[in-house]
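Here is what each chain is made of, one letter per residue.
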There are 4 protein chains.
Amino acid sequence: MNDVATALGRLEELAIEVPSWAYGNSGTRFKVFGTPGTPRTVQEKIADAAKVHELTGLAPTVALHIPWDKVDDYAALKGYAAGLGVGLGTINSNTFQDDEYKFGSLTSSSDAVRRRAIDHHFECIDIMHQTGSRDLKIWLADGTNYPGQDDMRGRQDRLAESLQEIYARLGEDQRLVLEYKFFEPAFYHTDVPDWGTSYAQTLALGEKAFVCLDTGHHAPGTNIEFIVMQLLRLGKLGSFDFNSRFYADDDLIVGAADPFQLFRIMHEVIRGGGFGSVSGKESGVALMLDQCHNLEEKIPGQIRSVLNVQEMTARALLIDTAALAEAQRTGDVLAANAVFNDAFYTDVRPMLAEWRESRGLPADPLAAFKASGYQKQINEDRVGGQQAGWGA
Amino acid sequence: MNDVATALGRLEELAIEVPSWAYGNSGTRFKVFGTPGTPRTVQEKIADAAKVHELTGLAPTVALHIPWDKVDDYAALKGYAAGLGVGLGTINSNTFQDDEYKFGSLTSSSDAVRRRAIDHHFECIDIMHQTGSRDLKIWLADGTNYPGQDDMRGRQDRLAESLQEIYARLGEDQRLVLEYKFFEPAFYHTDVPDWGTSYAQTLALGEKAFVCLDTGHHAPGTNIEFIVMQLLRLGKLGSFDFNSRFYADDDLIVGAADPFQLFRIMHEVIRGGGFGSVSGKESGVALMLDQCHNLEEKIPGQIRSVLNVQEMTARALLIDTAALAEAQRTGDVLAANAVFNDAFYTDVRPMLAEWRESRGLPADPLAAFKASGYQKQINEDRVGGQQAGWGA
Amino acid sequence: MNDVATALGRLEELAIEVPSWAYGNSGTRFKVFGTPGTPRTVQEKIADAAKVHELTGLAPTVALHIPWDKVDDYAALKGYAAGLGVGLGTINSNTFQDDEYKFGSLTSSSDAVRRRAIDHHFECIDIMHQTGSRDLKIWLADGTNYPGQDDMRGRQDRLAESLQEIYARLGEDQRLVLEYKFFEPAFYHTDVPDWGTSYAQTLALGEKAFVCLDTGHHAPGTNIEFIVMQLLRLGKLGSFDFNSRFYADDDLIVGAADPFQLFRIMHEVIRGGGFGSVSGKESGVALMLDQCHNLEEKIPGQIRSVLNVQEMTARALLIDTAALAEAQRTGDVLAANAVFNDAFYTDVRPMLAEWRESRGLPADPLAAFKASGYQKQINEDRVGGQQAGWGA
Amino acid sequence: MNDVATALGRLEELAIEVPSWAYGNSGTRFKVFGTPGTPRTVQEKIADAAKVHELTGLAPTVALHIPWDKVDDYAALKGYAAGLGVGLGTINSNTFQDDEYKFGSLTSSSDAVRRRAIDHHFECIDIMHQTGSRDLKIWLADGTNYPGQDDMRGRQDRLAESLQEIYARLGEDQRLVLEYKFFEPAFYHTDVPDWGTSYAQTLALGEKAFVCLDTGHHAPGTNIEFIVMQLLRLGKLGSFDFNSRFYADDDLIVGAADPFQLFRIMHEVIRGGGFGSVSGKESGVALMLDQCHNLEEKIPGQIRSVLNVQEMTARALLIDTAALAEAQRTGDVLAANAVFNDAFYTDVRPMLAEWRESRGLPADPLAAFKASGYQKQINEDRVGGQQAGWGA
């Protein structure tokens, strides 16, 4: 394996953005369960996110979702977050909850609907200027449920035009990341269903447009780390939405369903120059969570998630790349696989506990959270009002 | 092909049960769109269902969902339905929308929760006595999201005990049908995930327990008509929930995604004695719809659905079974496949229009619906109140 | 529906290339069954292919596979084919059956292996000059079986370099088409696994490089017609390998598993300008078969296949595109779907029989083949020698 | 976690049967690569298997495949194996490589073909009496490629009759295990495609018939450990065929694709009483490998495989079942998952190295194999003759 100290040294560069909506309620089409202590406001979401960062040192920024997180004064919100030790991150647009978007948003054949959707993104960019956010993330629910329902080609062309308008509005240091998704909520076709489509669309836009890879948005069996490799090679990997899945877009805790896959993904991120600072310059690939804590506690669920990413990153950093290259060069399949797996099977948890303590962080962030009384406090404080969820 | 007159003659036996909830609003976890004219009460749902039957002659019964369709007086409801020309059919229980069921219902390790879930089924059986329903359909959302979250074996044993209690309460002519589902809303394990589990559980219960096969509840690539064949062979196919899918449990209009599959399914239903009256005795296999009309109009969506089942049944009845058997016997793969497909590719729509007219039904039920002014009327009438949906 | 005469008129433009290897033996890793009459030489394969064209008028060219179809004199082979009424089409390279390619061919980290693979493609191009073939088709078996076995990024870069060398050797009117495949024979990663990779690689090559879409090479649930639409939109759809599947790359007869899907694909081909002559200029999209007749008779299997493509093309040409566009414009989901399906459910077989007869072709090509005595003749003639298969 | 000493103590009970055919050549339909040192005879296969056992102490028996491993004198073969320190295990029948079985074997509608297939199993049982084997394993390639090709119901009935004949021939202490497989080599329907079918068929046979679960034979996304749980609950889990997969039946090294899944499977095996001696009595569940070493070295591939099973069994034995039960009881999702994962993430390799050394085994069996010179020796010795593979 690689030298542990060197490997752990690079962990300093790890930063994971958490989504404000992970702290609100979520569920399935069958039921959304509410829980005590759920935030009612964006400020309360940020407070919860700040707690995650305080205990782990891993989550310095919070992604916002517009309109769920709309406020009157974003400068004040930024100040509020800074006061809690975190920053505001990616701005996520939403064109899937208005009745007008029933048959599409940026792809709509209605000029009025498309205008409305584009204007919403202009609003998001305005907010980005106030929050200092770098990335505008676009996930589209656009698609159809039945063959023949709409003209897929026309929609794709209109999508290109809409994105062009939005792209033109970006500030110099701002980026657009376009997310793809295999299916849901559309069940016949989705307008941005795969990385190829997102790549072709962002390639047409220009250098400030990138692909967002959500680890839960692929067909069964898809080799995700291959896509990571390819997008990094093409210079178009903008960001990750981390979560995990057994079936569809289950939005489970990252690493929970297939930890070995997360390890392989982080290996390709590192291999492809997508991790941390590269020659003194940020790689630009944003690592975000996008999850639903339907059944488990939300704040501990987020702590568990960032720790999972950290643990798998640490394992990936331990791969003895020289030995791996040598085994690969000689076609020694079992030796190459063994070098690779040796890092995966190494129990990095004790090292990471030490690493944390050396930085003044609790060795066991989940135990520290339980001991903190924070959950009890918010359960008591957050009474009345409307618990946050996807619709609010 | 088979003699057309003979084939069409057997169409008289086709009856498709429609679900009351198909007339209410439904959607995805992202959004439920409302539409004008949506029923506010179970009576309005039944009225819509009766319209489908009036125009097609195919949908003589309506399935109810408890508690969504709870009323004080089921005898009155039955009379109301009869007045509109339809009957009340299967009673569907619901153990997935109460907070108590967050971690399971009939499988729960909590005696109180399990008691509550069993009692709910007792209530359903009481209702069945009043509505004259034959079937109690149980679909369980029970499952877990994370490995280790619960003990799958203990849950399976408790499920068996709970079902035994419910089964013991059935009247002499009542049946229990247990539905299985591959995944959703649980994302790691589901307690009744496949036909094998439903078969093993209902086999243990006894002769009045059967399997319900929902066409959207299988893993990708599953040969569903094989399962139809096997369950009919084992004497355990109780009912169908018809719908169609491209990905997961999309709940699209039956036959919309893969009409050839529906044809193959209906062929196996007929081949295995599951269709209509068999030697003067009902086969007992109930054909139901279970769909969501998220984007399309609901009543026309239901008309389209029952017509799809009728068209594919007609095609399946046209298969020249003698020629098929001969080609199969001689190992003539292409000839056997050609006999099979010849029926599928036959355009039965003109014959069915004639068949309808000969029975005093409109040749084109969808056009007749549009011409009827019914939709306009309910759009005007059904103002105010709470539109029906999954939660009400 | 569209005017039938107009629709059928465009059928003249339909030409389907058949693969020489479809007439030889094929099978699974478990067993390859031999059959009487199987060709021993490329000339016998071409004779069989010519019979398909003679009876259907649909298959004017035969694709060759090098080295399986190597001969000393390609001019003579071309003349032989012309004498039977067919031409020689696409040249398919093979880098998956030599021991040297165990760990890769165009992606190999060994200069010698890569040189060998590139030179093989040079040889193919030389053959193309003699046969007058337009397209060089590259399907790579390259990939790995275990995580860590090789460096995916390095392989991708070397692939780009190898392709560049091959591309540079193409004649002015020659094209390179790069096929992608989800998996098999590699089971962890495949070097060209999806359309996105094939698109990115051919985009880097230039205007004479295109993507080949094999209908059996996708993940479960993939919307293939979307990819057809997208590649036509991007100007990069070079050719199809037609076949069908229920599970993996089953290589069944095109249209056999999901005829509705084939209809949808042909609709997008037509919609996107990929069908036949477009404004007096060939669209350039080659429609080829790539199938295995493991169990069924081979020549009738090929006849069935080209007829299936013709039938679904005819149905797709019948779509009332004006009515479809109007229904789409107004968001009438059911009406749009109905216009679409109306064409699919129309039984075009009688029209096509007439169409054939009007051109001096047999109304029923399969019956004509049976009546021709051709199979009996080749069963008697083709005795001794080595039956053709994938290895020869 | 559980007490390590206790956990490791139970490892004594672990025994993994290795398949004779893993030491021969295998491949895909595209290519089978040969390698130096590959056995030419069953004796050489057994010698290789014995080497695996010698170095790991984990593989005391070798499964045979008839007719690939046919010999004149099985008593002598048994003695030969015993001399090398291993026993002969499960007898695997083969009804997929004769031309007669093209359209089926035990399911064939031809009395002669079915007779031949049944008689082959009688021969296998005769061999079992000589080898002292307990289990007759039946995997059927039977199925069809096209809808309509054959009558699935008739085939299922004939399968039941054929199995009944074979079952009746079993000796008192012999068992029949029936394997199921999702698809391949048949591509439309498979006669024993799922555990439900294997369960229903073996249930009808009686107490000496069981299900064999091959970990690579399921639809994408299937929760395999649920099936393990269910079959153990129903008393019908007879044996495992271990291997791993990313896509279809890839037959990769067990644990290579998804080690966490193997851990979960072993947890359910232990939970359900399927591991080792239970109250002084063998559980009866046989753990076998069934893999293909297409690219990697065969003997080291087998060593890696048995070590993977041992490592994941050790991890599963480390689960703190009391803490797990408590977390489950209180609905603490994250705590339960954490207890579960804590065992998985523990690096058991150092403990296992010690465990091995304490038993006189090499701490690192793979290094010991490399140092032994065995491979070099067989490469030199095994020259000439026909290398073993699936066809011989």
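The following paragraphs examine the structure supplied in this document.

Rules and cut-offs
Residues numbered from 1 in each chain as written. Chains lettered and ligands numbered in written order. Predicted model: local features only at pLDDT ≥ 70, side-chain atom pairs only at ≥ 80, totals over all residues. Heavy atoms only, no water. Least-squares fit on C-alpha atoms with pLDDT ≥ 70 in both. Contact = heavy atoms within 4.5 Å. Phe/Tyr/Trp six-rings, centres within 6.5 Å; stacked < 30°, edge-to-face > 60°. Helix = DSSP H or I, 4+ residues; strand = E, 2+ residues; numbered from the N terminus. Buried < 20%, exposed > 50% of the residue type's maximum accessible area, 1.4 Å probe, protein only. Lys NZ or Arg CZ within 6 Å of the ring centre and 35° of its normal. Pairing = 2+ DSSP bridges. Axes fitted to C-alpha atoms, helices over the stretch in contact; angles between N-to-C directions. Buried area = accessible area lost by both parts, 1.4 Å probe. Salt bridge = Lys/Arg side-chain N within 4 Å of Asp/Glu carboxyl O. Polar contact = N/O pair within 3.5 Å; in protein donor to acceptor, adjacent residues only side chain to side chain. Nonpolar A, V, L, I, M, F, W, Y, C, P; charged D, E, K, R; others polar. Disulfide = S-S within 2.5 Å. Right-handed = clockwise from strand over helix to strand, strands pointing away.

A few points about the relation of the copies chain D and chain C
Here comes step 1: After a rotation of 180° and a shift along the axis of 0.0 Å, chain D superposes on chain C with an RMSD of 0.0 Å. Read as a symmetry element, the transformation amounts to a two-fold axis. Relative to the rotation axis, the C-alpha of Arg29 of chain D is the closest in chain D, positioned 2.1 Å from it.
Here comes step 2: When you check the interface residues of chain D against chain C, 100% turn up at the interface there too, and the contact is symmetric in its surfaces.

Describing the packing of aromatic side chains
Here comes step 1: On inspection of all chains with the given rule, the structure shows 89 aromatic pairs over all chains.
Here comes step 2: Where Phe260 of chain C meets Phe344 of chain C, the ring centres are 4.9 Å apart and the plane angle is 55°; that geometry is what we call tilted. Placement of the pair is Phe260 of chain C in helix α8 (residues 259-271) and Phe344 of chain C in helix α11 (residues 333-345), with a sequence separation of 84 residues. In terms of burial, Phe260 of chain C and Phe344 of chain C fall into one category: buried.
Here comes step 3: A ring pair is formed by Phe96 of chain D and Trp139 of chain D, whose centres lie 5.1 Å apart and whose planes are at 65°; its orientation type is edge-to-face. In this pair, Phe96 of chain D sits in the loop between β3 (87-92) and α4 (111-131) while Trp139 of chain D sits in the loop between β4 (135-138) and β5 (143-144), placing the two residues 43 residues apart along the sequence.
Here comes step 4: Ring-pair connections join several aromatic residues into one group, and the members of that group are Phe260, Phe263, Phe340, Phe344 and Tyr345 of chain A together with Phe260, Phe263, Phe340, Phe344 and Tyr345 of chain D.
Here comes step 5: Directly above the aromatic system of Phe122 of chain B lies the positively charged group of Arg169 of chain B, at a separation of 3.8 Å from the ring centroid.

Looking at the sheet that holds strand β3 (residues 87-92) of chain A
Residues and elements named next belong to chain A.
Here comes step 1: The strand order β1-β2-β3-β4-β6-β8-β9-β12 describes a closed barrel built from 8 strands, whose pairing is parallel. Each strand of the sheet is rotated relative to its neighbour by a mean of 30°, with strand direction disregarded.
Here comes step 2: In terms of strand pairing, strand β6 (residues 175-179) meets strand β8 (residues 209-214) through 4 bridges, oriented parallel. From the neighbouring strand, Leu178 faces β8, where its bridge partner is Val211.
Here comes step 3: Helix α5 (residues 152-169) rests against β4 (135-138), β6 and β8 of the sheet, and its axis sits at about 150° to β6.

Description of the interface of chain D and chain C
Here comes step 1: If you look at the interface, chain D gives 41 residues, while chain C gives 41 residues.
Here comes step 2: Of the roughly 4,100 Å² buried at the junction of chain D and chain C (both faces included), carbon and sulfur atoms supply 63%.
Here comes step 3: Per-residue buried area on chain D facing chain C is highest for Arg29, Phe30 and Tyr247 of chain D; these three make up 22% of the total on that side.
Here comes step 4: Two residues, Arg29 of chain D and Glu184 of chain C, come together in a salt bridge whose shortest N-O distance is 3.0 Å.
Here comes step 5: Across the chain D-chain C interface, the total number found is 18 residue pairs in polar contact (both at pLDDT 80 or more).

Here we look at unusual backbone geometry
Here comes step 1: Cis peptide bonds are those with omega within 30 degrees of zero, and the linkage from Glu184 of chain A to Pro185 of chain A qualifies with 10°.
Here comes step 2: Looking at where Pro185 of chain A falls in the secondary structure, it is placed in the loop between β6 and β7 (189-190).
Here comes step 3: Backbone geometry at Glu184 of chain A places phi at a positive 80°, although glycine is not the residue there.
Here comes step 4: In this fold, Glu184 of chain A is placed in the loop between β6 and β7.
Here comes step 5: Not every positive phi belongs to a glycine, and Asp251 of chain D is a case in point at roughly 60°.
Here comes step 6: For Asp251 of chain D, the position within the fold is in the loop between β9 (237-242) and α8 (259-271).
Here comes step 7: A residue is classified by how much of its surface remains accessible, and Asp251 of chain D, at 4% relative accessible area, is buried.

Some words on the side chain of Asn223 of chain C
Here comes step 1: With respect to the element layout, Asn223 of chain C can be found in the loop between β8 (209-214) and α7 (224-233).
Here comes step 2: Exposure remark for Asn223 of chain C: the relative accessible area of 12% places this residue in the buried category.
Here comes step 3: In this structure the side chain of Asn223 of chain C is engaged in a polar contact, spanning 3.3 Å, whose partner is the backbone nitrogen of Glu225 of chain C.
Here comes step 4: Leaving out residues up to four positions away in the same chain, Asn223 of chain C has contacts with Tyr188 and His189 of chain A together with Tyr247 of chain B.

Observations regarding helix α6 (residues 195-205) of chain B
Here comes step 1: Of all the 11 residues making up α6 of chain B, 9 are buried; the element is thus mostly covered by neighbouring parts of the structure.
Here comes step 2: Where α6 of chain B is concerned, the buried positions are Trp195, Gly196, Thr197, Ser198, Tyr199, Ala200, Gln201, Thr202 and Leu205 of chain B.
Here comes step 3: Structurally, α6 of chain B contributes buried residues whose contacts are with α5 (152-169), β6 (175-179), β8 (209-214) and α7 (224-233) of chain B together with α6 (195-205) and α7 (224-233) of chain D.

Considerations on the interface of chain A and chain C
Here comes step 1: On the side of chain C, 52 residues touch chain A, which itself brings 52 residues to the contact.
Here comes step 2: With both sides pooled, the region where chain A packs onto chain C buries about 4,100 Å², and carbon together with sulfur makes up 60% of that total.
Here comes step 3: Contact with chain C buries area across many residues of chain A, yet Arg153, Phe226 and Arg233 of chain A alone supply 16% of it, more than any other trio.
Here comes step 4: Remark: the boundary between chain A and chain C carries 4 salt bridges.
Here comes step 5: Scanning the region where chain A abuts chain C turns up 20 residue pairs in polar contact (both at pLDDT 80 or more).
Here comes step 6: Counting only elements with at least two residues in the side of chain A that touches chain C, the list comes to α5, β7, α6 (195-205), α7 (224-233), α8 (259-271), α10 (321-329) and α11 (333-345) of chain A.
Here comes step 7: In the side of chain A that touches chain C, the residues fall into 24 nonpolar, 17 polar and 11 charged.

Description of the state of the cysteines
Here comes step 1: All chains considered together, the criterion is met by 0 disulfides over all chains.
Here comes step 2: The closest cysteine sulfur to the non-disulfide-bonded Cys212 of chain B is located on Cys124 of chain B, 15 Å from its own sulfur.
Here comes step 3: The thiol of Cys292 of chain D is unpaired, and the distance to the nearest cysteine sulfur, on Cys212 of chain D, comes to 15 Å.
Here comes step 4: Among the residues examined, Cys292 of chain D registers a relative accessible area of 4% and is labelled buried.

With respect to the relation of the copies chain A and chain C
Here comes step 1: The transformation that overlays chain A on chain C combines an axial shift of 0.0 Å with a rotation of 180°, and the residual RMSD is 0.0 Å.
Here comes step 2: A symmetric contact is evident, with 100% of the interface residues of chain A recurring at the interface of chain C.

Quick look at the pairing of strand β9 (residues 237-242) of chain B
All names here are of chain B.
Here comes step 1: The buried fraction of β9 is high, at 6 of 6 residues.
Here comes step 2: Alignment of β8 against β9, held across 4 bridges, turns out to be parallel. Following the sheet pairing, Leu213 is matched in β9 by Phe240.
Here comes step 3: Taken together, β8, α7 and β9 constitute a β-α-β crossover, and its handedness is right-handed.

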